[in-house]
Amino acid sequence: MDNVETSTYHQKSTILIVDDIRSNQEVLTSLLCTDYQVQVAGNGIRALEIAQCHPHPDLILLDVNMPQMNGYQVCQRLLENPLTRDIPVIFITSASDGESEAYGLELGAVDYISKPINPAITLRRVRNQVLLRVHEAKRKQAERRLKDSETYIRSIFDATPDAMLISDEQGVITMANQKAGRLLGYPISELLGQAIEVLVPERFRAGHPALRAQFVTLEMSRPMGVGCEVKALRKDNSEFDVEISLSPIQTEQGLFFASAMRDITERVQNAAKLKASEERFRRMSNNAPVMIWLTDTAGEPTFVNQVWLDFVGFDPAQDLTHKAWLNIVHPDDRVTAFTAYYQNIEAEQAITTEYRLRNANGNWRWVLDKGMPLYDESGVFSGYIGSAIDITERKQAQQLLQDKERMLSESQHIAHIGSWSMDLMTNSIAWSDETYVVYGVTKELFVPSEKTLFELTHQHDRAAMKAWVNDCRAGKELQELDFRITLTDGAIRYLRGSGGLQYDEMGKPIRMVGSVQDVTERKQANQVLHQLKAMIDISLDGFLMVDLQGNVLQVNEAYAKMVGYSVDELTDKNINQLKTLEEPERVNAYITKIVSQGDDLFESRHRHKDGHIIDIEVSAAYLPEFQQFCLFCRDITERKRIELDLRIAATAFESQEAMVITDTQSIILRVNKAFSDSTGYSEDEIVGQKINLLKSGRHDAAFYAAMWESLLTDGSWQGEIWDRRKNGEIYPKWLSITAVKDSNYVISHYVGTHTDITERKAADEKIQQLAFYDPLTELPNRRLLEERLKHGISMERRDGRQLALLMLDLDKFKAVNDSLGHLAGDELLQQVAKRITAKLREVDMVARLGGDEFVVLLEDIAKPEDVARVAKEIIADLTKPFCLTLSDNIRIGASIGISLYPQHGDSPETLMDHADAALYQAKDAGRGCFAYFSEELTLAAQKRIYFTRSRLRIFQIAGILGLKVF
């Protein structure tokens, strides 16, 4: 047990002492515990564990000479780990030679203290390193804070919505944000270091330095470009209008300028557009489809467009007066037509009136006249501008509209759709009669409001309802909302609501309006449709929906799998691309027939994506309301094949395939020559016998029960079965049995056909052998080894045991191959395989990876030393002479690399890699030996073998001398 002591002191640096001698631990602890928090580790492994724990030690005092892992190895491991590489290490050792100290410092140690320990020197060196550690930590913390501050400022700079540039007193750009780069068309890196004049059009550059020098004298920032044209130049030499705000920044490095730049191209363009708007207005007015007019403050017309003149039949050259206008207004409307205009001069609101006006044909026409008061720049009323449209047809339709409103109310009742509105000023809600019916309440007992509406809404849908109402009130474009309500009797109903805003003449929203419909039955119907769709999607039959032109609109996975396409590929195809061997006339005849009679059942042929043909039975239905065809397709390729086989069998019973016909009692009625050749029974010998005469005895009663169940249920059975020939030989065959039914669908006979598959079974076994075994040595190959290794790891992990992997490479094998040829090399590999196998248990495994590489898998290993024994025996056995056809004294050797589970890895790949690495260690050690992946295990095994040999030699000498050894 490691001796680990920990002394904790608040806000003290932590020193980790690593020494395997307790007295040394105590001396150092006593020396350091007053000023530092001390941790102690008795070996290198424990030291590495403590060093990785948070908080990490501030300094490690590391003894060099320790068992298992010396101080140099511990230091190396500390430097390799990112968590511990920054912890300073001071070596403490009795070896005081310069070479050892230099080696320790090369490894990364910061100092070297020799034993016996000098307290004053030790304390001074420890204090120096701790102070260096503290100062370094503070320096890194300050750097992090500075970096975080710079990042924060830079983020704010880049997030500024305007383009920002920082330039020095000479006009050189030192900083720029992303907005500036995008606005000016430069990458940020290209802007930096440029003179600010590069952004000024060439015609203005000469005076720019003087303006900058003049700006230095200003005390505050001022905008440039407000009310005057300031041009900027992009990288592509295109100019644009900008508004620039400049601010001087006085720093220790000198004077800098901060420039905020905003693109005002659109503003300048709008000003130009405004200047031309008056001319455009007149041109547009004369081309507008409505009557447009202007008056002065006294109501005298100052302008009417051509549409107005054409409507009333006035000559454009004729002077138009207010009196002339009144003369063409209907006498009954002259008093009221313009009253509102005189009464609302100061109201600054649109005025809408309706009156009758005589047109050019002398007919009275209703017009809707809408005018707005105009004001000059001083806010003084200057007249009216208005437009008028002919609403005679609208007037005539008003009565019809009232009738339609009554019809709408009745329609709402029939369709179970209610309407509603909510005044945005008062939040008062009005419901149609049908809305009360939809919600299951009465006018007498229920007052609609937002509160009562939410109370009726199902508690799980109230949040969605509130969000929907808020979006509607905000004028957002809405989707329909499906929600639930709870009736007074507790019943749940599904409703669908729609709504939007209604605006007044000024475009101001005044109310929300919408409708609500009971969709409970539709929801239920949709649920049924979803269920039907799910049934179609999981159906074994293919399903397609196509239009009249044959374009595939919908398809299920079963059909896609049937023809080898994906669902997405099929939705881009036409049904004619899938059909084959059918003329267009025949396809059109199908379509005409289905449309006329509504449905049809027929057979077709479709082409698989890979090109082969599939026989399809199609059940088609025409949906006239959608003008689409619904097609259910069943792959009958196999059925067609069987039907063809039966037709051929009816005319060619004496084929090459063995056939037998029995009655329902399994009495053989007829066989063909192929059957006699296969079984050895002649027709005279077998007819009249029961079919069970051929039973091999290999199948149990359950097998035959399942066969008869399939025959009685499905009318057929096929599968592999073992039967017996007349000579007693048992052989495999592929048997197909089909039930023959009479006109009443009662089974009358059974027809069986079989094929002798003895050769195929042998071929399958040969393929299996080639897949998992080396053809030369008949040892397992890499594939079988990996499967066995995975299984072994799983079993050993479960049982808490270990296994070993031995990677073996033959020494001098290439010389045999080169001198005697490949046949001799193959013969040698076969003998090597036998020798290795002879040294293993039945539960162990040896595999050939290729060439002269072999791998041995030892499972259920009690201890690592057992693996060394096996490796030594294999090496010793393979150094013995081999007797080959071409030479009877061939000597080779072997090197072995060993990896252990779980010590050296927990996956097949890791164990193989580590065994391979150990093999290279064995070769580097001189060949003819073994090596573990872990150096310590190799040394321990070699010592143990040496000790065993020494003891054996002592016993041999004692026996010779007649001595007894205890």
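If you're wondering where the values come from, they're calculated on a predicted model, not measured in any experiment. Here the residue numbers are simple positions, counted from 1 along each chain's written sequence. Under the rules for a predicted model, residues below a pLDDT of 70 receive no local features and side-chain atom pairs below 80 are neither given nor counted, while totals for whole chains, interfaces and linings still include all residues. Only hydrogens and water are set aside when side-chain values are computed; all heavy atoms of the structure are taken into account.

Peer 1: Is there a simple way to think about the overall build of the chain in this case?
Peer 2: Within the chain one finds 33 helices and 37 strands. Across the 966 residues of the chain, 39% fall into the buried class. Contacts are assigned to residue pairs that have any heavy atoms within 4.5 Å of one another. The contacts in the chain between residues at least 6 apart in sequence include a share of 48% that link residues at least 24 apart. A total accessible area of about 56100 Å² is found for the chain, and carbon and sulfur atoms account for 53% of it. Secondary structure elements are defined from DSSP: runs of H or I of at least 4 residues count as helices, runs of E of at least 2 residues count as strands, and each element is numbered from the N terminus. Only protein chains enter the area calculation, which uses a 1.4 Å probe; residues under 20% of their type maximum are buried, those over 50% are exposed, and those in between are partly exposed. Values of accessible area rely on a 1.4 Å probe in the Shrake-Rupley scheme; residue burial ignores everything except the protein chains shown.

Peer 1: Honestly, the environment of Arg698 in this entry has me stumped. Any pointers?
Peer 2: Here Arg698 is to be found in the loop between α25 (683-686) and α26 (701-714). In the structure, Arg698 is positioned 25 residues away from Asp723 in sequence and 8.2 Å away in space, judged by C-alpha atoms. Sequence-distant contacts of Arg698, defined by excluding residues within four places in its chain, comprise Trp722 and Ile730.

Peer 1: Would you take a moment to explain the environment of Trp722 for this structure?
Peer 2: Among the structural elements, Trp722 can be located in strand β30 (residues 716-724). Between the alpha carbons of Trp722 and Ser696 there is a distance of 6.0 Å; along the sequence they are 26 residues apart. The contacts of Trp722, once residues within four sequence positions are left out, are Ser696, Arg698, His699, Ile730, Tyr731, Pro732 and Lys761.

Peer 1: Could you clarify how one ought to interpret the pairing of strand β29 (residues 668-671) in this entry?
Peer 2: Here 3 bridges tie strand β28 (residues 658-663) to β29, and the two strands are oriented antiparallel to one another. Each bridged residue has a counterpart across the sheet, and for Ile661 the counterpart in β29 is Arg670. What sits between the antiparallel neighbours β28 and β29 is a turn of 4 residues, in which Ser666 has the positive phi angle 70°. Two strands are counted as paired when DSSP detects at least two bridges linking them.

Peer 1: Any chance you could explain the pattern of salt bridges here in plain terms?
Peer 2: Where charged atoms from two side chains of opposite charge approach closely, those side chains can pair. By definition here, a salt bridge exists when the distance from a side-chain nitrogen of Lys or Arg to a carboxyl oxygen of Asp or Glu is within 4 Å. Per the stated rule, a full pass over the model turns up 47 salt bridges. With a closest N to O distance of 3.3 Å, Asp19 and Lys115 form a salt bridge. In this pair, Asp19 is assigned in the loop between β2 (14-18) and α1 (22-32) and Lys115 in the loop between β6 (111-114) and α5 (119-159), connecting sequence segments 96 residues apart. Put simply, Lys593 and Asp600 hold a salt bridge, and the shortest N to O gap is 3.6 Å. Residue Lys593 is classed as partly exposed on the basis of its relative accessible area of 40%.

Peer 1: Quick question: what am I supposed to make of the sheet that holds strand β32 (residues 747-756) here?
Peer 2: Across a sheet, strands are paired by hydrogen bonds formed along the backbone, either parallel or antiparallel in direction. Spatial ordering of the open sheet is given by β29-β28-β32-β31-β30, a layout of 5 strands whose pairing is antiparallel. The two strands at the open ends of the sheet, each matched to only one other strand, are β29 and β30. Within this sheet the neighbouring strands show an average axis-to-axis angle of 25°, counted without direction. Two strands pair when backbone bridges link them, and strand β31 (residues 730-741) and β32 are joined in this way by 9 bridges, in the antiparallel orientation. Within β32, the residue paired with Val740 across the bridge is His749. Against the sheet, α26 touches β30, β31 and β32, its axis set at about 150° to β30. Helix axes are fitted only over the stretch in contact, all axes being lines through C-alpha atoms; the angle between N-to-C directions runs from 0 to 180 degrees.

Peer 1: Looking at this structure, I do not really get the side chain of Lys231. What am I missing?
Peer 2: In this fold, Lys231 is placed in strand β10 (residues 231-233). Overall, Lys231 belongs to the buried group, its relative accessible area being 19%.

Peer 1: Is there a simple way to think about the nonpolar core in this case?
Peer 2: The nonpolar side chains of a soluble globular protein tend to be buried, and buried together. To define a nonpolar core, start from buried Ala, Val, Leu, Ile, Met, Phe, Trp, Tyr and Cys residues and group those joined through side-chain atoms within 4.5 Å. Leu810 and Ile836 are the most contacted members of the largest nonpolar core, which totals 36 residues. Broken down by element, this core gets its largest block of residues, 7 residues, from helix α31 (residues 864-878). In this structure Ile836 touches Leu808, Val846, Phe854, Val856, Ile874 and Leu878, once residues within four positions along its chain are discounted. Of all hydrophobic cores here, the second largest spans 24 residues; its members include Tyr436, Cys472, Ile485 and Val516.

Peer 1: Would you mind showing me how to read unusual backbone geometry here?
Peer 2: Among all residues except glycine, the phi angle is most often negative; among peptide bonds, the trans geometry is most common. Residue Pro55 follows His54 across a cis peptide bond; omega there is 0°. Along the chain, the position of Pro55 falls in the loop between α2 (44-52) and β4 (59-63). Along the chain, Lys115 connects to Pro116 via a cis peptide bond; the corresponding omega equals 0°. On the secondary structure map, Pro116 appears in the loop between β6 and α5.

Peer 1: When you look at the packing of helix α30 (residues 822-838) against α31 in this model, what are you seeing that I'm missing?
Peer 2: In a packed pair of helices, the relevant descriptors are the angle between the two axes and the axis-to-axis distance. Where α30 meets α31, the axes come as close as 10 Å, and the angle between the chain directions of the two elements is 145°. The chirality of how α30 crosses α31 is right-handed. Of the residues in α31, those in contact with Val832, Arg835 and Ile836 of α30 are Ile874, Asp877 and Leu878. If you view the pair so one helix is near and one far, a crossing is left-handed when the near helix is turned anticlockwise from the far one by less than a right angle, and right-handed when it is turned clockwise.

Peer 1: Help me understand α31, please; the structure alone is not making it clear to me.
Peer 2: Residue pairs three or four apart in sequence face the same way in an α-helix, which turns once every 3.6 residues. Multiplying 1.5 Å by the helix residue count minus one yields the expected span of that helix. The end-to-end C-alpha distance of α31 is 22 Å, a good match for the 21 Å that 15 residues give at a rise of 1.5 Å each. Residues of α31 that are buried: Pro864, Val867, Ala868, Val870, Ala871, Ile874, Ile875, Asp877 and Leu878.

Peer 1: Looking at this structure, I do not really get helix α17 (residues 462-473). What am I missing?
Peer 2: Taking 1.5 Å per residue, 12 residues should reach 16 Å; α17 reaches 16 Å between its end C-alpha atoms and fits that length. What α17 keeps buried is the set Met465, Trp468, Val469 and Cys472. Buried residues of α17, viewed axially, fall in a sector of 100°; they line one side. Picture the helix axis, draw a direction to every C-beta atom, and the arc is the one those directions span.

Peer 1: Explain empty space enclosed by the protein here, please?
Peer 2: Any empty space left between atoms is shown by rolling a water-sized probe over those atoms. Detection works on a 1 Å grid of protein atoms alone, calling trapped sets that fit a 1.4 Å probe cavities and calling open sets with protein on both sides within 12 Å along at least five of seven lines pockets, with lining residues defined by an atom within 4 Å of a point. Grid points are joined across faces, edges and corners, and a volume is the space filled by probe spheres set on the points. This model, assessed by the stated rule, comprises 4 cavities of 30 Å³ or more. For the largest cavity, the calculated volume is near 230 Å³. In terms of lining residues, the largest cavity is bounded by 18 residues, among which Trp420, Leu453, Met465, Trp468 and Val469 are the most central. When residues of the lining of the largest cavity are traced back to their parent elements, those giving at least two are β18 (417-423), β19 (429-431), α15 (433-439), α16 (450-456), α17, β20 (481-486) and β22 (509-518). The element contributing the most residues to the lining of the largest cavity is α17, with 4 residues. Classifying every residue of the lining of the largest cavity by side-chain character gives 14 nonpolar, 3 polar and 1 charged. Along its surface, the second largest cavity is lined by 14 residues, and Ile575, Lys579, Ile591, Ile594 and Leu631 are the ones closest to its centre. Three classes are used: nonpolar for Ala, Val, Leu, Ile, Met, Phe, Trp, Tyr, Cys and Pro, charged for Asp, Glu, Lys and Arg, and polar for all others, with Gly counted as polar.

Peer 1: How should the sheet that holds strand β25 (residues 599-607) be read in this particular structure?
Peer 2: One open sheet accounts for 5 strands, arranged β24-β23-β27-β26-β25; its pairing is antiparallel. Strands with a single pairing partner mark the edges of an open sheet, and in this sheet they are β24 (552-555) and β25. Neighbour-to-neighbour, the strand axes of this sheet turn through a mean angle of 30°, independent of strand direction. Against the sheet, helix α22 (residues 584-597) makes contact with β25, β26 (613-623) and β27 (628-635), and its axis sits at roughly 155° relative to β25, the strand it touches most.

Peer 1: How do you make sense of the side chain of Asn359 when you look at a structure like this?
Peer 2: Within the secondary structure, Asn359 sits in the loop between β15 (351-358) and β16 (364-375). Overall, Asn359 belongs to the buried group, its relative accessible area being 12%. For Asn359, the contacting residues outside a window of four places in its chain are Phe311, Val312 and Arg365.

Peer 1: What is the right way to look at the pairing of β30 in this model?
Peer 2: Successive residues of a regular strand alternate their side chains across the two faces of the sheet. Here β30 runs beside β31; their pairing, made up of 9 bridges, is antiparallel. The partner of Arg724 across the bridge, within β31, is Ile730. In textbook terms, the turn of a hairpin is the stretch between consecutive antiparallel strands, and for β30 and β31 this stretch comprises 5 residues, one of which, Gly728, has a positive phi near 90°.

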